[in-house]
Amino acid sequence: MKKYLVLYKPFLLFLSAFFGTYILLTLCYQFFLNGFDNNKADSITQFVAKNTEILLSWFYQSIRFEEAVNEPYFSVVFQNQRVARIVEGCNGISVIILFVSFVVAFSGSLKNTLLFVFAGSILIYILNVLRIAALIVLLYFFPKQNHLLHGVFFPLIIYGSIFVLWIIWVNKFSKYAK
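Residues numbered from 1 in each chain as written. Predicted model: local features only at pLDDT ≥ 70, side-chain atom pairs only at ≥ 80, totals over all residues. Heavy atoms only, no water.

Draft legend 1. Spatial organisation of a nonpolar patch on the surface. Taken together, Met 1, Tyr 4, Leu 5, Leu 7, Tyr 8, Phe 11 and Leu 12 make up a surface patch of nonpolar side chains, about 780 Å² in accessible area. Within the residue set of the nonpolar patch, elements represented by two or more residues are helix H1 (2-7) and helix H2 (9-34). Here the element with the most residues in the nonpolar patch is H1; it accounts for three residues. If you trace the backbone, Leu 7 turns up in helix H1. (Patch = residues over 30% accessible without salt bridge, like charges linked within 9 Å, V, L, I, M, F, W, Y side chains within 5 Å. Areas by Shrake-Rupley, 256 points an atom, 1.4 Å probe, with all protein chains shown as cover. Salt bridge = Lys/Arg side-chain N within 4 Å of Asp/Glu carboxyl O. Helix = DSSP H or I, 4+ residues; strand = E, 2+ residues; numbered from the N terminus.)

Draft legend 2. Spatial organisation of the side chain of Arg 131. Note that Arg 131 resides in helix H5 (residues 110-141). Buried and unpaired, Arg 131 has Glu 88 as its nearest opposite-charge partner, separated by 11 Å. Excluding its chain neighbours within four sequence positions, the residues that come into contact with Arg 131 are Cys 90, Phe 154 and Ile 158. (Buried < 20%, exposed > 50% of the residue type's maximum accessible area, 1.4 Å probe, protein only. Lys, Arg positive; Asp, Glu negative; His and termini not counted. Contact = heavy atoms within 4.5 Å.)

Draft legend 3. Molecular detail of the pattern of salt bridges. Taken as a whole and assessed by the stated rule, the structure comprises four salt bridges. The residue Lys 40 makes a salt bridge to Glu 67 at a minimum N-O spacing of 3.4 Å. Highlighted residues: Lys 40 in the loop between H2 and helix H3 (43-57) and Glu 67 in strand S1 (residues 63-67), separated in sequence by 27 residues. For Glu 67, a relative accessible area of 31% translates into the label partly exposed.

Draft legend 4. View of the nonpolar core. Leu 56, Ile 63, Phe 65, Val 76, Ile 86 and Ile 136 are the most contacted members of the largest nonpolar core, which has 24 residues in total. Breaking this core down by element, the ones donating at least two residues are H3, S1, strand S2 (74-78), strand S3 (81-86), H5 and helix H6 (146-173). When residues in this core are grouped by element, the largest group, eight residues, is from H5. Not counting residues within four places of it along the chain, the set of residues in contact with Ile 63 comprises Glu 53, Leu 56, Ser 57, Val 76, Val 77, Phe 78 and Ile 136. Among the nonpolar cores identified, the runner-up in size contains 21 residues, and Ile 93, Phe 116, Ile 124 and Trp 169 belong to it. (Core = buried A, V, L, I, M, F, W, Y, C linked by side-chain atoms within 4.5 Å.)

Draft legend 5. Representation of the side chain of Ser 174 within the structure. Tracing the chain through its elements places Ser 174 in the segment after H6. Taking relative accessible area as the criterion, Ser 174 reaches 6% and is therefore assigned buried. There is a polar contact of 3.0 Å between the side chain of Ser 174 and the backbone oxygen of Val 170. (Polar contact = N/O pair within 3.5 Å; in protein donor to acceptor, adjacent residues only side chain to side chain.)

Draft legend 6. Main features of helix H4 (residues 93-105). The terminal C-alpha atoms of H4 lie 18 Å apart, and with 13 residues this matches the ideal 18 Å at 1.5 Å per residue to within 8%. The element H4 is extensively covered by neighbouring structure, given that 10 of its 13 residues are classed as buried. Of the residues making up H4, those classed as buried are Ile 93, Val 95, Ile 96, Ile 97, Phe 99, Val 100, Ser 101, Phe 102, Val 103 and Ala 105. Each element contacted by the buried residues of H4 is listed here: H2, H3, H5 and H6. (Expected span 1.5 Å × (residues − 1).)

Draft legend 7. Broad picture of the packing of H5 against H6. The geometry of H5 relative to H6 is characterised by a closest axis approach of 11 Å and an angle of 165° between their N-to-C directions. As far as their axial angle goes, H6 and H5 are roughly antiparallel. Classified by chirality, the crossing of H6 by H5 is right-handed. (Axes fitted to C-alpha atoms, helices over the stretch in contact; angles between N-to-C directions. Parallel < 35°, antiparallel > 145°, perpendicular 65-115°, else oblique. Left-handed = near helix turned anticlockwise from the far one by under 90°.)

Written out as structure tokens, the structure reads:
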């Protein structure tokens, strides 16, 4: 058994760092969410909704986000038609936690790790706001394509972007970079 622990030590350290970071950040985020009333959207979701509304208002006059009464979501009214809802899962935090966990598991120098985590998290946040804005417009014009847009196309874009960031991290900045 000791032979296998020595042989697979790098892999086991990666798994420990990844899952340790993921569990810790998820518990912190859950603790954060527990501080909010179940009938009201959390502040991060509110911030994402507000940023998306501002972005869309630059291009469209008829856009508004209405916070639901006694429910934790925002209704999106686009061109006087209720198009979508923004819920806690739309704020991108779970995706950022996944991103950060991977970067920490393949850590590099403390400075590089912190800078990459910060820059990557900001980029993911911006991509997420752009994703929600594009999804709202596309759902207005193509409502029957909801599953394709929300369930396939946009997750592919956001997770594909994270994958590219991971590749950059491992090849350029991690302790495994050549």
